[in-house]
Amino acid sequence: MTNKGPGASSEWTAGDLLRATDLLDSMQELRFTPSLYFGITMTGFIGHSATIYSLLSADGTIYNSTDSGVTWTSKSTVADTNSFIRICRGTVARGIVVETTATAETVFTSDSGATWTAATSASFATQINDVDFPVSGLIVVGGDDDVGAKHIVFSTDSGTTWTDATTAPTTKIAAVSMLDGTTGYAIGVDGLMWKTTNAAVTWTSTTHDIGAVDESAGSSIFTLTSTTVAIAYVISGSAACRISLYDNTAGTFTTKWNMGGLYTRIFGLQKMTDGALITGYVHDSNGKYVILRSTDSGVTWSMSSEQSIEINTAIRNYKCAIGEYGSNKCAMAATSNLVKFNMA
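(A) Region of the structure containing the sheet that holds strand 24 (residues 302-303). Read across the sheet, four strands follow the order 21-22-23-24 without closing on themselves; strand pairing throughout is antiparallel. Single-partner strands in this sheet number two, and they are strand 21 (265-271) and strand 24.

Okay, here's the thing in structure tokens:
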């Protein structure tokens, strides 16, 4: 078999050897108690600390554990039980959950998942694709507002009220990421990059595009600096996976990882507290997945071996399934299992 190695410039194809030297040293699978969680599809994970976690179920219930996942308590059923949760973000104390539907309930926590509060729904004509909350109070949501064509709305009061971007992107948004309370980027499904420098009030086209991205595959971005953005995406119509770096100053996109059509779904793109970037891709034919990690701001990537636990087809395109829970540690919500990784 041909070993093209991490960061290969050519695509992965069937028969290539997938290799990682230092990404995953150990893996631990925590199975939920069948009497409590049997039949529940878990769609998201937030690690508030090494021992405190929040888990999101597809039926809208949010669970919390304070003992490293040994026991779980239902904390909220605020989200609509008729709609899947696709998006969440979290930190040590804070967390936010947004549904993917048009009129989406938004719930948040400020006490590491112990209590969850419902905010006013952010309304889109079709669906919400991404959310970010870089500083206290500010929430930025991007998606498909087919009728109103606003595509980005924001809140400055933790979701109590929502405001349409004064000058919004003209195409539906696949992903959004804020660097801080002022600067952020969004990518449209046509691959065009948009930028804000005033806390999402107005958005300006950079005129740079990477080509059409598949919004249903969970394409994600992460703003690294005021001029650099990491992008994990699937090329629309081709099932080809990429990780690229966008340079706003030069107007260039540089491919840093190329996986061909082996994996066609993405589990988000996040930055860990140690500075590493992590993301995950799912194999569409068998539901198995790999984790990718970069410790140099997305320039080079290491990939794990393919994990044998199958991801339910219903959650393969969820951006929130993977998250950090401690130093060099991440976990993934895999159907009715929580899989923990030690990446030291």
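This is not the end of the story, as more comes after the structure.
(B) Representation of the pattern of salt bridges. If you walk through the whole model with that rule in mind, you get two salt bridges. A salt bridge links arginine 293 to aspartate 274; its shortest N-O distance comes to 3.2 Å. Of this pair, arginine 293 sits in strand 23 (residues 289-294) while aspartate 274 sits in the loop between strand 21 and strand 22 (277-282), placing them 19 residues apart in sequence. Using a relative accessible area of 11% as the deciding quantity, one classes arginine 293 as buried.

(C) Representation of the pairing of strand 11 (residues 152-155) in the model. Residues Ile152 and Phe154 point to one face of strand 11 and Val153 and Ser155 to the other, with burial holding for every one of them. The pairing of strand 11 with strand 12 (residues 163-164) spans two bridges and is classified as antiparallel. Bridging from a neighbouring strand, phenylalanine 154 pairs with threonine 163 of strand 12.

(D) Focus on the packing of aromatic side chains. Under the criterion given, the structure shown has five aromatic pairs. With a centroid separation of 6.3 Å and an interplanar angle of 40 degrees, the aromatic rings of tyrosine 53 and tryptophan 72 are classed as tilted. With a gap of 19 residues between them, tyrosine 53 in strand 3 (residues 53-57) and tryptophan 72 in the loop between strand 4 (62-65) and strand 5 (73-76) connect regions that are remote in the sequence. The exposure class of tyrosine 53 is buried, given its relative accessible area of 0%. Through successive ring pairs, a cluster of aromatic residues spans Phe45, Tyr53, Trp72 and Tyr325.

Cut-offs applied
- Residues numbered from 1 in each chain as written.
- Predicted model: local features only at pLDDT ≥ 70, side-chain atom pairs only at ≥ 80, totals over all residues.
- Heavy atoms only, no water.
- Pairing = 2+ DSSP bridges.
- Helix = DSSP H or I, 4+ residues; strand = E, 2+ residues; numbered from the N terminus.
- Salt bridge = Lys/Arg side-chain N within 4 Å of Asp/Glu carboxyl O.
- Buried < 20%, exposed > 50% of the residue type's maximum accessible area, 1.4 Å probe, protein only.
- Phe/Tyr/Trp six-rings, centres within 6.5 Å; stacked < 30°, edge-to-face > 60°.

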